[in-house]
Amino acid sequence: MERFTTGRIRNVALLGHSGSGKTTLVESMLFAAKAINRQGRVEDGNTVSDFEPEEHRRGTSLQLSVVPCVWQGTKVNLVDTPGYADFAGEQASALRAVDAAVLVVSAPAGVEVGTELAWQRLREAGTPTMVFVNKMDRDGADFEAALGQARSALGRGCVPINFPIGAAAAFSGIAGVLKGDAPGDMEAALSEAKEQLTEAVAETEDQLTERYLEEGDLPLEDIERGLRRGILDRQIAPVLAGSAITGAGVADLIEAIIDYLPSPDRAGERAASVGGEEISLPANPDGPLAASIFKTAADPFVGKASYFRVLSGTMRPNQEVFNSTRNESERVGQILVPVGKVQESVPDLAAGDIGVVTKLAHAVTGDTLTTRTDGVQAPPLEFPEAVYSVGVHPKSQADLDKMSSALSRLGEEDPSLVMRRNGETGELVVLGMGDTHVDVMAERAKRKFGVELDMRVPQVPYRETISKTTNTEYKHKKQTGGHGQYGHVLIRLEPRERGAGFEFGAQVVGGNVPKEYIPAVEKGVVKAMQEGADGFPMVDMRVVLYDGSSHSVDSSGASFEIAGSMALKQGVRAAAPVLLEPIMRLQLTVPESAAGAVVGDLNGRRARINGMTPQGGVAVIEAEAPQAEVQQWATSLRALTQGRGTMRLEFDHFGEVPSHLTQKIMEATAAR
Ligand SMILES: Nc1nc2c(ncn2[C@@H]2O[C@H](COP(=O)(O)OP(=O)(O)O)[C@@H](O)[C@H]2O)c(=O)[nH]1
Ligand SMILES: [Mg+2]
């Protein structure tokens, strides 16, 4: 692929509700730009962008993919993203790589949940956006309705710059608001749209406002300049129409991308730091080297492929660079540009462009590549919080051997997956965004690394404590000739406040338990606490050794350790033991209309609602709920809120398990 100067590059992500047609639109743009000579179809599993078998099987995108095309000397790097909420992490990565976005809306369906969530992310990231109303050829396609919904749900800045001619079977093409010819019967609609557009543009700049108020109109070049300005300032989101399947409106879209969306050098400087000092980086090919890694792909054959966006300077092949995030040197070999699943070699890559390097030793997603002299660091990439957890187990011994390296490679590939070994249950727990997210991880583990995983509901790290003070006595005595064993203790078990922890005391009088054996008793007690009387670690107790006896020959530390341990386990039985479970703090943001259903569902899960605050159409709910009830609740929340609800989840404290559940939990744990 030839070299492109920064001004001749456009980096554009495609976001939108799952199924709105992003991948098909990428395919259609490639076809229009003659980058491919046959348009693939998602259903046939032969599109350039959805190249993973898991994507073919599910008929939807599961990861971002970068696909460039060239149009009249300008390179447009298209970054296709998954619309499904489980893969929101891929959207976060894509927004690091691009300077603008196309929000795809399906004309029959209009604005959907995924459209609103994508718009929200684009606003938060400050990404200039265009809206493409796709599927105009489909039955039920209604551009006006979709436009109306966009203006009310996304904002009045959504103004059409072209209109569909006809709809559904009668859809025949596109009429431009600013340029081009229009069928007679559309003139009224187009001139009204031009007025709306001119008004929106006039609001972007005082000078334009004045001119508009004076003359009642603006010349084309002012409208176009104001449009570019308005898009860049996110005051205007131009709306276009078309069909990725018929191709109508697709060339118009590419031209609008090139005409109106910013090139990297016009998109504004990027925030970064040098030696802790904040700087802002213009996209200057001669500037300090700074490349931000926004995606890592773990390929079993090629090894690790790191996708990067050059923020400043020029990335050249076969050189040593500095990973300022990890403080490590990295060896860069060939510079490649990604084209879906394949890569093409290029001589170098200037500021503003997107490329791939393979086999970097240390780098992961979010890292910055620079030189030791330049020392630039881009801000870290933030990923949505993982809230859905599964226990991950190898299916066989062979799988066990390969599991941890496979999972760490998959974790590198998808930073929105969080992998933890639970210190109490010893279980490897993976947290993701939802059930599909973790299922896809398991499928990739099998395909890429030949590891078969068994995904289970994670074991809950229960604990146990006591609720009554009790005294107990245990004599460990083995005297069957030869050196016997003898240890005899009397201990008092006292409950302590939740979270107070463990305390051991000795109040032995008359040396009935010789001083040298008291630490052994404590050791035995502590060991028994860790094992637990019922298999759960014991907490929040005071154990006081207050009497006992020893044997001058047969007593030893080991005997008293056993006595201490057995006395503890025996004593717990008489001290009204109580099972404790981890209680999570939840913060939920849900549409106000769904708050009742969400609270109702939570009440059925032994939750406690601590507060609900309405905030502009959404309700923020603060609650507490047992981990056992909410560790896989993310998918239910999504169903209850039609995908609009989000949750934050963190451990808060241990609480008592209701007695009617204790038996069941004990049996389940014993059966494991
Ligand atoms: N009729 C029609 N179908 C489309 C159009 N664009 C996409 N589709 C279909 O919509 C479905 C989802 O498309 P896809 O590109 O995977 O959507 P994505 O999830 O947004 O990437 C597929 O069956 C496509 O064939 C279009 O313009 N017209
Ligand atoms: Mg897709």
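Not measured: the values here are computed from a predicted model.

Rules used in this analysis
- Residues numbered from 1 in each chain as written.
- Chains lettered and ligands numbered in written order.
- Predicted model: local features only at pLDDT ≥ 70, side-chain atom pairs only at ≥ 80, totals over all residues.
- Heavy atoms only, no water.
- Helix = DSSP H or I, 4+ residues; strand = E, 2+ residues; numbered from the N terminus.
- Contact = heavy atoms within 4.5 Å.
- Polar contact = N/O pair within 3.5 Å; in protein donor to acceptor, adjacent residues only side chain to side chain.
- Near = heavy atom within 4 Å.
- Areas by Shrake-Rupley, 256 points an atom, 1.4 Å probe, with all protein chains shown as cover.
- Nonpolar A, V, L, I, M, F, W, Y, C, P; charged D, E, K, R; others polar.
- Donors = N, O, S within 2.8 Å, 3.2 Å for Na, K, Ca; no water.
- Buried < 20%, exposed > 50% of the residue type's maximum accessible area, 1.4 Å probe, protein only.
- Salt bridge = Lys/Arg side-chain N within 4 Å of Asp/Glu carboxyl O.
- Pairing = 2+ DSSP bridges.
- Axes fitted to C-alpha atoms, helices over the stretch in contact; angles between N-to-C directions.
- Patch = residues over 30% accessible without salt bridge, like charges linked within 9 Å, V, L, I, M, F, W, Y side chains within 5 Å.
- Lys, Arg positive; Asp, Glu negative; His and termini not counted.
- Charge placed at Lys NZ, Arg CZ, Asp CG, Glu CD.
- Parallel < 35°, antiparallel > 145°, perpendicular 65-115°, else oblique.
- Left-handed = near helix turned anticlockwise from the far one by under 90°.

Enquirer: Is there a simple way to explain the environment of Asp 534 in this structure?
Expert: In this structure, Asp 534 sits in the loop between α12 (518-531) and β31 (541-549). Once the C-alpha coordinates of Asp 534 and Met 666 are considered, the two residues, 132 residues apart in sequence, prove to be 7.3 Å apart. What Asp 534 contacts, discounting residues up to four positions off in sequence, is Glu 464, Arg 573 and Met 666. One polar contact links Asp 534 to Arg 573, side chain to side chain, over a distance of 2.9 Å.

Enquirer: It is not clear to me how the site of ligand 1 should be interpreted in this structure. Could you clarify?
Expert: In the neighbourhood of ligand 1, 18 residues make up the surrounding shell, with Gly 19, Lys 22, Thr 24, Glu 43 and Asp 137 lying closest. Within the side chain of Lys 135, a nitrogen or oxygen atom sits 3.1 Å from an oxygen atom of ligand 1. Within the contact set of ligand 1, an oxygen atom lies 2.9 Å away from a backbone nitrogen or oxygen of Ala 244. Across the complex, the protein chains shield 89% of the 580 Å² of accessible surface that ligand 1 would expose by itself. At three residues, the largest contribution of residues to the shell around ligand 1 is made by helix α1 (residues 22-32). Residue classes in the shell around ligand 1 are distributed as three nonpolar, ten polar and five charged.

Enquirer: Is there a simple way to explain the coordination of the magnesium ion (ligand 2) in this structure?
Expert: Think of it this way: four donors in a tetrahedron around the metal ideally sit 109.5 degrees apart, and six in an octahedron ideally sit 90 or 180 degrees apart. In the first shell of the magnesium ion (ligand 2), the protein supplies Thr 23 (OG1) and Ser 61 (OG), at 2.0 to 2.1 Å from the metal. Separated by 38 residues along the polypeptide, Thr 23 in helix α1 and Ser 61 in the loop between α2 (53-58) and β2 (65-71) bring together distant segments of the chain. Each of the two residues, Thr 23 as well as Ser 61, counts as buried.

Enquirer: Would you take a moment to explain the pattern of salt bridges for this structure?
Expert: Where charged atoms from two side chains of opposite charge approach closely, those side chains can pair. Enumeration over the complete set of coordinates arrives at 43 salt bridges. Two residues, Glu 656 and Arg 498, come together in a salt bridge whose shortest N-O distance is 3.8 Å. A residue pair is termed long-range when its members are at least 10 positions apart, and Glu 656 in strand β35 (residues 646-656) and Arg 498 in the loop between β29 (485-495) and β30 (502-506) qualify at 158 residues. Of the residues examined, Arg 498 reaches a relative accessible area of 35% and is grouped as partly exposed. Taken together, the shared-partner salt bridges in this structure form one network comprising Glu 52, Glu 54, Arg 57, Arg 58, Glu 443, Arg 444 and Arg 447.

Enquirer: What's the story with the sheet that holds strand β4 (residues 100-106) in this structure? I'm lost.
Expert: Across a sheet, paired strands are connected by hydrogen bonds in the backbone, their directions being either parallel or antiparallel. On the basis of which strands lie adjacent, the open sheet formed by seven strands has the order β2-β3-β1-β4-β5-β9-β6 and mixed pairing. Both outer strands of the open sheet, β2 and β6 (158-160), are each paired with one neighbouring strand and no more. The average undirected angle you get between the axes of adjacent strands in this sheet is 30°. When strand β1 (residues 9-16) meets strand β3 (residues 74-80), the two strands line up parallel, connected through six bridges. When the bridges of β3 are listed, Val 12 appears paired with Leu 78.

Enquirer: Even after reading the chapter, I still don't get a negative patch on the surface, so can you show me in this structure?
Expert: A surface patch of negative charge is lined by Asp 142, Glu 144, Glu 192, Glu 195, Glu 199 and Glu 203. It is helix α6 (residues 187-202) that provides the largest number of residues to the negative patch, a total of three residues. Note on placement: Glu 195 falls in helix α6. On the basis of relative accessible area, Glu 195 is assigned to the partly exposed category, the value being 49%.

Enquirer: When you look at the pairing of strand β15 (residues 319-323) in this model, what are you seeing that I'm missing?
Expert: Side-chain direction in a regular strand flips from residue to residue, so the side chains alternate between the two faces of the sheet. When β15 meets strand β16 (residues 328-332), the two strands line up antiparallel, connected through five bridges. Within the sheet, the bridge partner assigned to Asn 323 lies in β16 and is Glu 328. In this structure, the hairpin formed by β15 and β16 is closed by a connection of four residues, where Asn 327 is found at a positive phi of approximately 55°. The pairing of β15 with strand β21 (residues 368-370) spans two bridges and is antiparallel. Residue pairing across strands places Phe 322 opposite Thr 370, the latter belonging to β21.

Enquirer: Where do I start with the side chain of Asp 554 in this structure?
Expert: Within the fold, Asp 554 resides in the loop between β31 and α13 (557-573). At 3.1 Å, the side chain of Asp 554 and the backbone nitrogen of Gly 484 are in polar contact. Ignoring sequence-local partners within four residues, the contact set of Asp 554 consists of Gln 479, His 483, Gly 484, Gln 485, Tyr 486 and Ser 559.

Enquirer: Honestly, the packing of α12 against α13 in this entry has me stumped. Any pointers?
Expert: The packing of two helices is summarised by the inter-axis angle and the distance between the axes. Two numbers describe how α12 lies on α13: the axes approach to 7 Å, and their chain directions differ by 40°. The angle between α12 and α13 falls in the class oblique. Of the two elements, α12 crosses α13, and the hand of that crossing is right-handed. Of α13, the residues touching α12 (which contributes Ala 520, Val 521, Lys 523, Gly 524, Val 525, Lys 527, Ala 528, Met 529 and Glu 531) are Gly 557, Phe 560, Glu 561, Gly 564, Ser 565, Leu 568 and Lys 569. For the contact of α12 with α13, the residue count by class is seven nonpolar, four polar and five charged.

By themselves these figures say nothing about function.
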